[in-house]
Amino acid sequence: RYARTLGLDCLGMTGKFHTTWGDFQSFKSEAALEYECFLMLALNAKCSVGDQLPPDGGICPHTYDLIGDVYREVERREPWCVGARPVTEIAVMNPEAFYGGQAFAQPAAGQGVTRILQEGRHQFDLVDPESDLSVYRVLVLPDEIPVDSGLATRINDFVETGGSVLASYHSGLTPDGARFALDGFGLDPVGEAPYSPDFIAPGAALQSGLRPTEYVMYLQGMEVRAADDAEVLAQVAVPYFNRTHAHFCSHRHTPSSGRTQYPGAVRKGPMVYFAHPVFATYQQFAPLWCKRLVLNALDLLLPEPLVRVEGPSALIATVNAQDDADRWVLHLLYYVPERRGTSFDTIEDVTPLDDVAVTLRVDRSVRGVRLAPQAEALPYKIDKDRLTFRIPRVLGHQMVEVQFG
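Described below are features of the structure shown in this document. (Residues numbered from 1 in each chain as written. Predicted model: local features only at pLDDT ≥ 70, side-chain atom pairs only at ≥ 80, totals over all residues. Heavy atoms only, no water.)

### Concerning the packing of aromatic side chains
Line of reasoning, step 1. Taken as a whole and assessed by the stated rule, the structure comprises 9 aromatic pairs.
Line of reasoning, step 2. Ring geometry for Phe180 and Tyr273: centres 5.2 Å apart, planes at 85°, overall edge-to-face. Of this pair, Phe180 sits in the loop between strand S7 (164-168) and strand S8 (187-192) while Tyr273 is found in strand S14 (residues 271-274), placing the two residues 93 residues apart along the sequence. Across the pair, exposure class does not vary: Phe180 and Tyr273 are buried alike.
Line of reasoning, step 3. A cation over an aromatic ring shows up here: Arg1 above the ring of Phe124, its NZ or CZ 3.9 Å from the ring centre. (Phe/Tyr/Trp six-rings, centres within 6.5 Å; stacked < 30°, edge-to-face > 60°. Helix = DSSP H or I, 4+ residues; strand = E, 2+ residues; numbered from the N terminus. Buried < 20%, exposed > 50% of the residue type's maximum accessible area, 1.4 Å probe, protein only. Lys NZ or Arg CZ within 6 Å of the ring centre and 35° of its normal.)

### A few points about a nonpolar patch on the surface
Line of reasoning, step 1. Together, Leu53, Ile59 and Tyr64 give the surface a local cluster of nonpolar side chains, amounting to about 300 Å² of exposed area.
Line of reasoning, step 2. Inspection of the secondary structure assignment puts Leu53 in the loop between strand S2 (46-50) and helix H2 (61-77).
Line of reasoning, step 3. For Leu53, a relative accessible area of 44% puts it in the partly exposed group. (Patch = residues over 30% accessible without salt bridge, like charges linked within 9 Å, V, L, I, M, F, W, Y side chains within 5 Å. Areas by Shrake-Rupley, 256 points an atom, 1.4 Å probe, with all protein chains shown as cover. Salt bridge = Lys/Arg side-chain N within 4 Å of Asp/Glu carboxyl O.)

### What to know about the pattern of salt bridges
Line of reasoning, step 1. Inspection of every chain in the model, using the stated rule, returns 23 salt bridges.
Line of reasoning, step 2. Measuring nitrogen to oxygen at the nearest pair gives 3.2 Å for the salt bridge that ties Arg340 to Asp349.
Line of reasoning, step 3. The class for Arg340 is partly exposed, based on a relative accessible area of 45%.
Line of reasoning, step 4. For Glu401, the salt bridge goes to Arg370, with nearest N and O atoms at 3.1 Å. One end of the pair, Glu401, is in strand S22 (residues 397-404); the other, Arg370, is in strand S19 (residues 366-372), with 31 residues separating them in the sequence.
Line of reasoning, step 5. You can call Glu401 buried: its relative accessible area is 3%.
Line of reasoning, step 6. A relative accessible area of 32% places Arg370 in the partly exposed class.
Line of reasoning, step 7. Linked through salt bridges whose partners overlap, the residues forming this network are Glu338, Arg340, Glu348 and Asp349.

### Some remarks on the sheet that holds strand S13 (residues 256-268)
Line of reasoning, step 1. Pairing within the open sheet is mixed, and its 9 strands lie in the order S5-S4-S6-S7-S14-S13-S12-S9-S10. Of all strands in the sheet, those bounded by a partner on one side alone are strand S5 (124-127) and strand S10 (215-217). With strand direction ignored, the average angle separating the axes of adjacent strands in the sheet is 25°. (Pairing = 2+ DSSP bridges. Axes fitted to C-alpha atoms, helices over the stretch in contact; angles between N-to-C directions.)

### Digging into the sheet that holds strand S18 (residues 353-361)
Line of reasoning, step 1. Read from one edge of the open sheet, 4 strands run S15-S18-S21-S20, paired in antiparallel fashion. The sheet is open, and its two edges are formed by strand S15 (307-309) and strand S20 (380-383), each paired on a single side. For this sheet the average axis-to-axis angle between neighbouring strands, irrespective of direction, equals 25°.
Line of reasoning, step 2. Here S20 runs beside strand S21 (residues 386-394); their pairing, made up of 4 bridges, is antiparallel. Directly across from Asp383, in S21, lies its bridge partner Arg386.

### Some points on the packing of helix H1 (residues 30-42) against H2
Line of reasoning, step 1. Viewed as axis vectors pointing N to C, H1 and H2 meet at an angle of 30°, and their least axial separation amounts to 10 Å. For the pair H1 and H2, the sense of crossing is right-handed. Of the residues in H2, those touching H1 at Glu30, Leu33, Glu34, Cys37, Phe38 and Leu41 are Leu66, Ile67, Asp69, Val70, Tyr71, Glu73, Val74 and Arg77.
Line of reasoning, step 2. Taken together, the residues of the contact of H1 with H2 break down into 9 nonpolar, no polar and 5 charged. (Left-handed = near helix turned anticlockwise from the far one by under 90°. Contact = heavy atoms within 4.5 Å. Nonpolar A, V, L, I, M, F, W, Y, C, P; charged D, E, K, R; others polar.)

### Focus on the environment of Thr342
Line of reasoning, step 1. Examined against the element boundaries, Thr342 turns out to sit in the loop between strand S17 (327-333) and S18.
Line of reasoning, step 2. For the pair formed by Thr342 and Gly50, sequence separation is 292 residues and the distance between their alpha carbons is 24 Å.

As far as function goes, none of this settles anything; it's purely spatial.
Quick look at the structure:
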């Protein structure tokens with residue numbers, strides 16, 4: 001999602017191995033290899049499947065039977081992938097631009113924000129401080145994005161021209177952490193939260209899909225003070241005490257005292273801030289309430305998203321444009337990884353999804369909607385600027401072509 005924004009060819013890489021490189025006489029399941037290759041296509045990448053020859057240099061024909069079965073399906077999809085570009089509306093500031101990254105160990109906030117937005121079926125890119133923000137509607141600053149004077153100017157310009165910002169934890173602070181570089185948040189930092197774990201109590205604006213109660217936040221947040229003209233979307237309730245050897249309670253952490261002491265989420269105009277590292281929390285613990293809080297906040301900033309799809313959260317949706325053909329291509333993928341061994345997740349089964357409802361926000365007249373590569377026309381309707389249709393079945397991967405003109 002970052003590499004595809006650079007104007008360069010982008011290649012996705014996987015292997016044929018069940019575990020990792022050099023796992024001889026092992027075979028990735030066909031469903032897993034399909035998922036990986038089709039996701040590369042959905043994210044505008046070319047495909048590469050790695051193999052390693054044994055010492056005698058002999059090619060295993062069964063390996064290439066497996067790869068060939070999947071690549072035949074890739075070949076069928078190529079006409080809807082060549083020259084495609086992503087259609088996106090959210091920019092995520094890439095934490096690696098500030099902290100670097102290691103192989104297999106990207107920053108947790110970057111992984112967590114990718115999971116939440118992908119599971120919410122939002123259309124987004126990862127960007128860096130030099131990227132053009134003007135082509136996006138929302139900018140997300142996940143957990144640990146310091147903002148110096150130059151970046152603050154660019155973000156303020158983005159907001160003044162109609163953009164919105166969602167930030168969390170230390171994001172938005174000056175590099176020394178002394179203050180918020182973005183005045184638009186309407187916040188002052190007090191310091192690290194005095195209690196952890198603590199609890200977030202969302203107000204009505206963030207409660208969709210949640211019960212009206214408090215939810216534990218596993219990672220330490222910030223204590224902030226909101227300006228009088230800022231709207232507090234959630235409060236932080238504190239425990240009776242921090243669990244230590246001197247003040248002990250239960251096996252995990254101390255329960256809430258019910259006392260709310262400072263804001264947990266704040267909105268001022270087009271800017272929303274969460275006091276906790278919600279993205280690293282989701283990457284580490286995957287609490288559903290964390291995801292819901294973020295997606296509910298995005299609904300405030302982006303009430304008419306580019307894509308809405310009815311389906312389970314494991315259903316991935318991306319939109320690509322083929323400008324030469326004057327069409328969009330919607331990719332839907334439904335493959336569910338399972339932790340069947342102790343070391344990693346795997347995909348064995350492909351479960352069909354039937355009668356999937358989709359709406360897209362479009363800005364041009366639509367000439368037709370059809371399944372690809374099957375070339376089966378789908379009935380559709382347009383209400384104002386939203387195109388609605390239903391997909392009879394998604395079996396692993398399904399593309400839909402929206403023809404304009």
